[in-house]
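# Chain and residue survey
These are the residues of each chain, in order.
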Amino acid sequence: MSAASILVVEDEPIVALDIRNMLERLGYTVAASVSTGEDAVNKADEFRPSLVLMDIMLQDEMSGIQAAEQIYHRFHIPVIYLTAYAEKRTLDESIRTGAFGYILKPFNERELQTSIETGLYKFAMESKLREREQWLSTVLRSIGDAVIATDGEGVINFMNPLAEELTGWVPDEALRHSLHDVFVLESEDSGDRIRYLIDGRMDEGKLRHPEENILVSRGGIRIPIEYTFALIQDEKENSTGIVLVFRDITLRKQTEAEIRTHESNLQRLSSQLINAQEAERGRLSRELHDEIGQALTAIKINLETIHKEIPHELSGDTGESFKETDTLVDNILDQIHQISLDLRPSILDDLGLVPTLNWYVKRFAQRMNIPADFSPGKFKERLDPELETVIYRVVQEALTNVAKHAQAEQVRISLERDGENVRVSIEDDGRGFDLDVVTNRLPEKRSAGLLGIQERAMLMGGKAEIWSAVGEGTRIDLRIPWRERR
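Here's a quick rundown of the structure. Note that the coordinates shown come from a computational prediction; the quantities given were computed from them, not determined experimentally. (Residues numbered from 1 in each chain as written. Predicted model: local features only at pLDDT ≥ 70, side-chain atom pairs only at ≥ 80, totals over all residues. Heavy atoms only, no water.)

### Describing the packing of aromatic side chains
Condition: We call Phe, Tyr and Trp rings a pair once their centres come within 6.5 Å, taking the six-membered ring for Trp, and we label the pair stacked below 30 degrees between planes, edge-to-face above 60, and tilted otherwise. In this description a helix means any DSSP run of H or I spanning at least four residues, a strand means any run of E spanning at least two, and both kinds are numbered starting from the N terminus. When accessible area is computed with a 1.4 Å probe and restricted to protein chains, residues below 20% of their type maximum are described as buried, those above 50% as exposed, and intermediate ones as partly exposed. Two conditions define a charge located above a ring, namely a distance within 6 Å from the ring centre to NZ of Lys or CZ of Arg, and an angle within 35 degrees of the ring normal.
On inspection of all chains with the given rule, the structure shows 7 aromatic pairs. Look at Phe100 and Phe123: their rings are 5.5 Å apart centre to centre, the planes differ by 80°, and that puts the pair in the edge-to-face class. A residue pair is termed long-range when its members are at least 10 positions apart, and Phe100 in the loop between helix H4 (88–96) and strand E5 (102–104) and Phe123 in helix H5 (residues 109–142) qualify at 23 residues. Of the two residues, Phe100 and Phe123, both sit in the buried class. Chaining the aromatic ring pairs together yields one cluster made of Phe183, Tyr227, Phe229 and Phe246. Just above the ring of Trp169 sits the side chain of Arg218; from NZ or CZ to the centre is 3.9 Å. Sitting above the plane of the Trp467 ring, Arg475 keeps its charged end 4.4 Å from the centroid.

In structure tokens:
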């Protein structure tokens, strides 16, 4: 039998004695038996019993209901009322005070035991629920996000301190208002007020993906926030409210803006560097061709003139030296011509992209002894010079990689207009490579050629996609927004 201790509050001595005897026969401990409301409060404080049996109609200044209210709220001890009256007003008042049951006099031991055990069970369950609610409230108040909860009508019934701070509402005022009044959103893009949440945008009980907008606080402060929400549902999956979680992302927005500014500056500097590099390549190409090339051509002509003016054929070491010098000049002229073309082929500026790629692919095939096919389709337009340069450099870098690493037997290059983009594809049937391994390397160990291709595409607002697998070759697809020659 339960060892619960019971405080008996009954102002009729015979009834009180009878109750005491019943309780002891049932195995309960009687903490005390008193006849006034004041004594009941004092004994409850002194003994802290498991439960109080309280006569509602005490002949004292403090009624049983008043005493029960103090006992429950001050000491959190459950109370069961004893009454000879079953009037609705009396029962309603007892329920309002938080009683855990009542027993109509007269009653027997079985009724008394049932009421006590039921009351103790209800109190234990309520205590567990209260502890859990307190635990949950503590968690929600201490987490780093703002939290608001509503009832089924959208009226706020919980706010944690961070939600109070961000919205500018204190709980005493917010708890009487609709969520729409307290959680005021504006579109980050248009600045228009947003009607949200309850207006048909909820999936059944599922947490929505975070969204970003502007929270307008009670004081008119505009705060960028990230928020998400979900339905609160009962065991029958009926909606009983909404829980809303949000956070201030001002710092993150500032950081993102700074990053975008830095990226923009880096792209601008990178573009300027590439343009300066191309200008320097062009200058060096012209100097090699015009100055050094012309000087060597003059030496070649002078050698031929000297040879013609010598009255007899040179022989011995002198003749060999003359021939070697003539051959050396020819070789240097050829090398300078090749270097000049590699630096910046004049055909690119004079005739445009398609003739240049035709020439370069044929030259690559001859020099590297690798069959290469270029398909321009019906592409004949002249593009913006910067765009033509980028495409030419991408093809040049891709074919250089093929020559160095691919061990390919065939290369195919295609050029076409794809909607609003220029599309270039370079594909080989070589040995390929593990793309994941190359991609996941440290930046300083990645292929400078592949990074250069992707960087050039990005600076033009495009994208370079690379596919490769060991033994299956490599393909590079370049897409860049179309820009015609001005």
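### Considering the sheet that holds strand E14 (residues 411–418)
Definition in use: A pair of strands is considered paired only if DSSP assigns at least 2 bridges between the two. A fitted line through C-alpha atoms serves as each axis, taken over the contacting stretch for helices, and the angle formed by two N-to-C directions is quoted from 0 to 180°. Here, residues are in contact when the closest pair of their heavy atoms is within 4.5 Å.
Here 5 strands make up an open sheet; going across it, the order is E13-E14-E15-E17-E16 and the pairing mixed. Of all strands in the sheet, those bounded by a partner on one side alone are strand E13 (372–375) and strand E16 (463–468). Taken pair by pair, the neighbouring strands of this sheet meet at an average axis angle of 10°, ignoring direction. Sitting on the sheet, helix H12 (residues 353–368) touches E13 and E14, and the angle it makes with E13 is about 170°. Packing against the sheet, helix H13 (residues 385–406) makes contact with E14, strand E15 (421–428) and strand E17 (474–481), and its axis sits at approximately 10° to E15.

### Overview of a negative patch on the surface
Selection rule: Patch membership requires over 30% relative accessible area and the absence of a salt bridge. Like charges are linked within 9 Å, and nonpolar side chains (Val, Leu, Ile, Met, Phe, Trp, Tyr) within 5 Å. Accessible areas in this description were obtained via Shrake-Rupley with a 1.4 Å probe; residue shielding takes into account the shown protein chains only. Salt bridge, as used here: a side-chain nitrogen of Lys or Arg that lies within 4 Å of a carboxyl oxygen of Asp or Glu. Charged-residue counts in this description rest on Lys and Arg as positive and Asp and Glu as negative, His and the chain ends being excluded. Charge positions come from single atoms, namely NZ of Lys, CZ of Arg, CG of Asp or CD of Glu.
A cluster of like negative charges, contributed by Glu38, Asp39, Asp60 and Glu61, occupies part of the molecular surface. In this fold, Glu61 is placed in the loop between strand E3 (51–55) and helix H3 (64–75). A relative accessible area of 81% places Glu61 in the exposed class.

### Regarding the sheet that holds E3
Two pairing modes exist for strands in a sheet, parallel and antiparallel, and in both the strands are linked by backbone hydrogen bonds. Overall, parallel pairing links the 5 strands, which are arranged E2-E1-E3-E4-E5 in an open sheet. The open sheet terminates on both sides in strands that have one partner only, identified here as strand E2 (29–34) and E5. Taking each pair of neighbouring strands and ignoring which way they run, the sheet shows an average axis angle of 20°. When E3 meets strand E4 (residues 79–83), the two strands line up parallel, connected through 4 bridges.

### Some points on the side chain of Asn160
For clarity, the threshold we go by: Side-chain atoms alone can form a polar contact between residues adjacent in sequence; in general such a contact is a pair of N or O atoms within 3.5 Å, and within protein one must be able to donate a hydrogen while the other accepts it.
Secondary-structure assignment places Asn160 in the loop between strand E7 (156–159) and helix H6 (161–167). Within polar-contact distance, the side chain of Asn160 engages the backbone oxygen of Asp145 at 2.9 Å.

### A closer look at the pattern of salt bridges
Enumeration over the complete set of coordinates arrives at 23 salt bridges. Asp55 serves as the salt-bridge partner of Lys105, at 3.6 Å between the closest nitrogen and oxygen. Of the two residues, Lys105 sits in the loop between E5 and H5 while Asp55 sits in strand E3, which places them 50 residues apart along the sequence. What makes Asp55 buried here is its relative accessible area of 4%. A salt bridge links Asp418 to Arg479; the shortest N-O distance between them is 3.5 Å. Of this pair, Asp418 sits in strand E14 while Arg479 sits in strand E17, and the two are 61 residues apart along the sequence. Since its relative accessible area comes to 27%, Arg479 is described here as partly exposed.

### Looking at the packing of helix H2 (residues 37–47) against H3
The condition that has to hold: Any angle between 65 and 115 degrees counts as roughly perpendicular, while under 35 counts as roughly parallel, over 145 as roughly antiparallel, and the rest as oblique. What makes a crossing left-handed is the near helix being turned counterclockwise from the far one by less than a right angle; a clockwise turn instead makes it right-handed. Basically, the charged four are Asp, Glu, Lys and Arg, the nonpolar ten are Ala, Val, Leu, Ile, Met, Phe, Trp, Tyr, Cys and Pro, and anything else, Gly included, counts as polar.
The interhelical angle for the contact between H2 and H3, taken along N-to-C directions, is 20°, at an axis separation of 9 Å. Here H3 runs roughly parallel to H2, going by the angle between their axes. For the crossing formed where H2 meets H3, the hand is right-handed. Contact with H2, carried on its side by Gly37, Ala40, Val41, Ala44 and Asp45, involves Ala67, Gln70, Ile71, Arg74 and Phe75 of H3 and no other residues of that element. Considered class by class, the residues forming the contact of H2 with H3 number 6 nonpolar, 2 polar and 2 charged.

### Concerning the pairing of E14
Worth spelling out the cut-off: Here, the term right-handed applies to a crossover whose path from the first strand over the helix to the second runs clockwise when the strands point away from the viewer.
Bridge analysis of E13 against E14 gives 4 bridges, and the strand direction is parallel. In the strand pairing of E14, Ala372 is matched with Val411. Between the parallel elements E13 and E14, the chain passes through H13 in a crossover that is left-handed. For E14 and E15, the ladder comprises 8 bridges, and the chain directions are antiparallel. Following the sheet pairing, Ser414 is matched in E15 by Ser425. Counted along the chain from E14 to the antiparallel partner E15, the turn is 2 residues long, and its residue Gly419 has a positive phi close to 65°.

### Points about H3
Heads up, the rule is: Expected span of a helix: the number of residues minus one, times 1.5 Å. The arc in question is the one traced by the directions running from the helix axis out to the C-beta atoms.
Here H3 is 12 residues long and its end C-alpha atoms lie 16 Å apart, about the 16 Å a rise of 1.5 Å per residue gives. When H3 is considered as a whole, its buried residues turn out to be Gly64, Ile65, Ala67, Ala68, Ile71, Tyr72 and Phe75. Axial view of H3: buried residues confined to an arc of 160°, hence all on one face. In H3, those exposed residues whose orientation departs by more than 90 degrees from the buried face are His73 and Arg74. Following H3 by one or two positions, His76 has its phi on the positive side, about 55°.

### Concerning the pairing of E17
Bridge count between E15 and E17: 8 bridges; the pairing is antiparallel. Residue Val422 lies in a different strand from E17, and its bridge partner there is Ile480. Both E16 and E17 contribute to a ladder of 6 bridges, which runs antiparallel. Pairing of Ile466 across the sheet is with Ile476, part of E17. Remark: 5 residues form the turn of the hairpin made by E16 and E17, two consecutive strands paired antiparallel; Gly471 in that turn has positive phi of roughly 80°.

### Some thoughts on the packing of H12 against H13
Contact geometry for H12 and H13: axes closest at 11 Å, N-to-C directions at 10°. With respect to H13, the axis of H12 lies roughly parallel. For the pair H12 and H13, the sense of crossing is right-handed. Between H12, through Leu353, Thr356, Leu357, Trp359, Tyr360, Val361, Phe364 and Met368, and H13, the contact on the second element is made entirely by Glu388, Ile391, Tyr392, Val395, Gln396, Leu399, Thr400, Val402 and Ala403.

Honestly, that's just the spatial picture; any functional story needs more than this.
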